[in-house]
Amino acid sequence: MKRAVVWFRRDLRLSDNTALAQALRAADEVVPVFVLDPSILESKSTGSRRVAFLLGCLKSLQNNLEHIGSELILRYGDPAEVLPEVLQATDANEIHWNNDYEGYARKRDQAVRQACQQSEVSVNVHEDQCLCEPGSILKDDGAPYVVFTPFSRKWKDLYADQPRPRPGSLKKSWSLKGDPIPEPDDLGHGIRINLPETGEKAAKARLDQFIKDSIATYDQDRDFPDLDRTSRLSADLRFGSIGPRTVHAAAAKAYAKGGAVSRGAEIFISELIWRDFYKHILFHYPHVESGAFRQEYDALEWENDKELFQAWCEGRTGFPIVDAAMRQLNSTGWMHNRLRMIVASFLTKDLLIDWRWGERYFMDKLLDGDLAANNGGWQWAAGTGTDAQPYFRIFNPYSQAKKFDPEGKFIEKWVGETDPSTYHPIVDHSIQRQKALALYKKLKN
């Protein structure tokens, strides 16, 4: 009998899972494995809230596997050491996993590949995290795109909806047992917020609800945080409790209905293309993990006032929309996308603080916390990323609040006070705007 290990990572689902589907085609039996990697769990960029969300997804995956006659083998340790042991203990002669594009993941996967090949195990790596894999969308001269609009056009020319298989049953005859799934506190990652429901069933329910209630008006409503009309699928996509092809297929089906629904679906699909775009940027330009995409911007002379930064973190800036957004993040682990742009612009161009400080804070607090998307968003706001002329984009927090929270409902919910006279701004926006422009112009000159 031919047996294969499937190494689950950021794909914690049974449906629409390329590695699992390919392993089922290649082998008579698959062994589902997840490795809790101490290098990740102990990293400064690993937020405790994401660890808790991950563990919830693992419990769901375990239940779903048991429902179809299988079991999740959980292990703690270095994957390059753990996985060869599991392969040997289960007498499996091949391993399948879905690709990841972050710097640590690429080094880890190469170490696992070498360890498995030394044991004469067949290594099979599949593309699953993106709708169009990195390297598949290139200019005519073979160079990667660094501007979103032409990338998006090429993406739309190339992408074709793909089948989304779901295994009916998984045979299990091996005797190896997995470790119990720990609680966050067991891993030193206790949290104080209520998590949304985790797992594949919950993610699919969120998608269905979004398509039913919100996609028809998504183009009109997505920027208004008090309406809560976004999909709330970012954490599910981050951990793979839902697949991007499943999400795209649902949006494409809505698009086919025509009329206003098509416009909303088109804008939502564009967000999925942005998700691919930033993963492609990370893949082709790995230096963005630690510095500016446009490396000359690493020389920006940020002021980096620690007291101002702390006020921003705690939602005490005296700018209502900024404070409401930061308090939403601190309380829930999530922030509306429009607000992410507002608070990032405020930190970098009003407080003149290095975007990497904000990026790290977001990675500590966010449930989704996807490196590529978070990094790309911060560099877009800071003007250090892929935009051609980005430095003069400075959001006015007052006009942004007036435009996107016109009745002050979001601010009232999170700050509790809408009377402008009660606020004491920690900086003068008009003065800081001029200082920001001077900061960037000095570098350019």
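Above this text is the structure in question.
Residues numbered from 1 in each chain as written. Predicted model: local features only at pLDDT ≥ 70, side-chain atom pairs only at ≥ 80, totals over all residues. Heavy atoms only, no water.

## Things to note about the overall build of the chain
Applied cut-off: Helical segments are the DSSP runs of H or I of at least four residues, strand segments are the runs of E of at least two, and each set is numbered from the N terminus. Values of the radius of gyration come from C-alpha atoms, whereas the globule rule sets the reference at 2.2 Å times the count of residues to the power 0.38. Summary of the burial criterion: residues with accessible area below 20% of their type's maximum are buried, those above 50% are exposed, and those between are partly exposed, where the area comes from a 1.4 Å probe applied to protein chains only. In this analysis, two residues are considered to be in contact whenever any of their non-hydrogen atoms come within 4.5 Å of each other. Here the accessible surface of atoms and residues is derived via Shrake-Rupley with a 1.4 Å probe, and residues count as covered only by protein chains that are part of the display. Residues scored as charged are limited to Lys and Arg (positive) and Asp and Glu (negative), so that His and the chain ends carry no count. A charge is said to be at NZ when it belongs to Lys, at CZ for Arg, at CG for Asp and at CD for Glu.
Of regular secondary structure, the chain possesses 19 helices and 5 strands. In summary, the chain has a C-alpha radius of gyration of 23 Å against a globular reference of 22 Å for 445 residues, a match within 12%. C-alpha atoms of the chain, sized along the principal axes, occupy 75 × 50 × 45 Å. Relative to its 445 residues, the chain shows a buried fraction of 57%. By sequence separation, contacts in the chain at least 24 residues apart represent 80% of the contacts at least 6 residues apart. A total of about 19700 Å² of accessible surface is found on the chain, and carbon and sulfur atoms cover 47% of it. Measuring between centres, the 59 positive side-chain charges of the chain sit 3 Å from its 63 negative side-chain charges.

## Considerations on the layout of surface pockets
To keep things clear, this is the line we draw: Using only the protein atoms, space was sampled on a 1 Å grid; points where a 1.4 Å probe fits but cannot get out form cavities, open sets with protein on both sides within 12 Å along at least five of seven lines form pockets, and lining residues are those with an atom within 4 Å of a point. Grid points are joined across faces, edges and corners, and a volume is the space filled by probe spheres set on the points.
Approximately 1100 Å³ is the volume found for the largest pocket. Along the walls of the largest pocket sit 39 residues, with Glu-271, Trp-274, Asn-337, Arg-340 and Ala-373 positioned nearest its centre. Of all the secondary structure elements, the ones that give two or more residues to the lining of the largest pocket are helix H6 (148-158), helix H9 (234-239), helix H11 (259-284), helix H14 (337-350) and helix H16 (371-382). Element by element, the count of residues in the lining of the largest pocket is highest for H11, at 6 residues.

## Digging into empty space enclosed by the protein
Going through the model one piece at a time under the given rule, you end up with 4 cavities of 30 Å³ or more. Here the largest cavity is characterised by a volume of approximately 100 Å³. Lining the largest cavity, in full, are Tyr-278, Ile-281, Leu-282, Val-288, Phe-293, Ala-372, Asn-375, Gly-376, Gln-379, Trp-380, Gly-385 and Thr-386. If you list the elements that add at least two residues to the lining of the largest cavity, you get H11 and H16. In terms of residues, the lining of the largest cavity owes the most to one element, H16, which gives 5 residues.

## As for the pattern of salt bridges
Applied cut-off: When a carboxyl oxygen of Asp or Glu is within 4 Å of a side-chain nitrogen of Lys or Arg, the pair counts as a salt bridge.
If you walk through the whole model with that rule in mind, you get 31 salt bridges. For Asp-109, the salt bridge is made with Arg-9, and the minimal N-O distance between the two is 2.7 Å. Highlighted residues: Asp-109 in helix H5 (residues 103-118) and Arg-9 in the loop between strand E1 (3-7) and helix H1 (18-26), separated in sequence by 100 residues. Residue classification places Asp-109 among the buried residues on the basis of a relative accessible area of 6%. The salt bridge partner of Asp-298 is Arg-356, with a shortest N-O separation of 3.6 Å. In this pair, Asp-298 sits in the loop between H11 and helix H12 (306-314) while Arg-356 sits in helix H15 (residues 355-365), placing the two residues 58 residues apart along the sequence. The class of Arg-356 is buried, set by a relative accessible area of 17%. Here the salt bridges share partners, and the residues they tie into one network are Arg-10, Asp-100, Glu-102, Lys-279 and Asp-370.

## Notes on the packing of H6 against H11
Note the following rule: Whenever a helix is involved, its axis is fitted only over the stretch in contact; in every case the axis is a line through C-alpha atoms, and angles between N-to-C directions fall within 0 to 180 degrees. Angles below 35 degrees are treated as roughly parallel, those above 145 as roughly antiparallel, those between 65 and 115 as roughly perpendicular, and all remaining angles as oblique. Just so you know the grouping, Ala, Val, Leu, Ile, Met, Phe, Trp, Tyr, Cys and Pro go in nonpolar, Asp, Glu, Lys and Arg go in charged, and all remaining residues, Gly too, go in polar.
Between H6 and H11, whose axes approach to 10 Å, the crossing angle comes to 110°. Classed by the angle they form, the pair H6 and H11 counts as roughly perpendicular. Each of Phe-148, Phe-151, Ser-152, Trp-155 and Lys-156 in H6 lies in contact with H11, whose residues at this interface are Ser-270, Ile-273, Trp-274, Asp-276, Phe-277 and His-280. The residue inventory of the contact of H6 with H11, partitioned by class, reads 6 nonpolar, 3 polar and 2 charged.

## Topic: the environment of Lys-212
For clarity, the cut-off: Polar contact criterion, stated in full: a pair of N or O atoms within 3.5 Å, where within protein one must be able to donate a hydrogen and the other to accept it, and residues adjacent in sequence count only if both atoms are side-chain atoms.
Its place among the elements puts Lys-212 in helix H7 (residues 200-213). For Lys-212, the side chain forms a polar contact with the side chain of Asp-213, separated by 3.4 Å.

## Considerations on the packing of H11 against H16
Two numbers describe how H11 lies on H16: the axes approach to 8 Å, and their chain directions differ by 95°. When the axis of H11 is compared with that of H16, the two are roughly perpendicular. Residues Tyr-278, Lys-279 and Leu-282 of H11 pack against Leu-371, Ala-372, Ala-373, Gly-376, Gly-377 and Trp-380 of H16. Of the residues belonging to the contact of H11 with H16, the class tally is 6 nonpolar, 2 polar and 1 charged.

## Remarks on the nonpolar core
For the record, the criterion: We define a nonpolar core as any set of buried Ala, Val, Leu, Ile, Met, Phe, Trp, Tyr and Cys residues linked to one another through side-chain atoms lying within 4.5 Å.
In this structure, Trp-312 and Val-322 are the most contacted members of the largest nonpolar core, which totals 47 residues. Counting residues per element, the ones that place at least two in this core are H12, helix H13 (320-332), H14, H15, H16, helix H18 (409-414) and helix H19 (429-444). Setting aside anything within four residues of it in sequence, one finds Val-322 in contact with Trp-312, Thr-317, Ile-342, Val-343, Phe-346 and Pro-397.

## Quick look at H13
Heads up, the rule is: Expected span of a helix, by definition, is 1.5 Å for each gap between consecutive residues, and there is one gap fewer than residues.
Over its 13 residues, H13 runs 18 Å from end to end, which matches the ideal 18 Å to within 8%, given 1.5 Å per residue. The complete set of buried residues in H13 reads Pro-320, Ile-321, Val-322, Asp-323, Ala-324, Ala-325, Met-326, Gln-328 and Leu-329. Those residues of H13 hidden inside the fold are in contact with helix H3 (48-67), H12, H14, H15, helix H17 (397-404) and H18.

## Structural notes on the packing of aromatic side chains
Where we set the bar: Pairing of aromatic side chains here covers Phe, Tyr and the six-membered ring of Trp, requires ring centres within 6.5 Å, and sorts the geometry by plane angle: under 30 degrees stacked, over 60 edge-to-face, intermediate tilted.
All told, the structure shown has 27 aromatic pairs when counted by the stated rule. Where Phe-319 meets Tyr-398, the ring centres are 5.2 Å apart and the plane angle is 40°; that geometry is what we call tilted. Remark: Tyr-398 occurs in helix H17 and Phe-319 occurs in the loop between H12 and H13; sequence separation between them is 79 residues. Accessibility expressed as a relative area gives 1% for Phe-319, which makes it buried. Taken together, the aromatic side chains of Phe-309, Trp-312, Trp-357, Tyr-361, Phe-362 and Trp-378 make up a single cluster linked through ring pairs.

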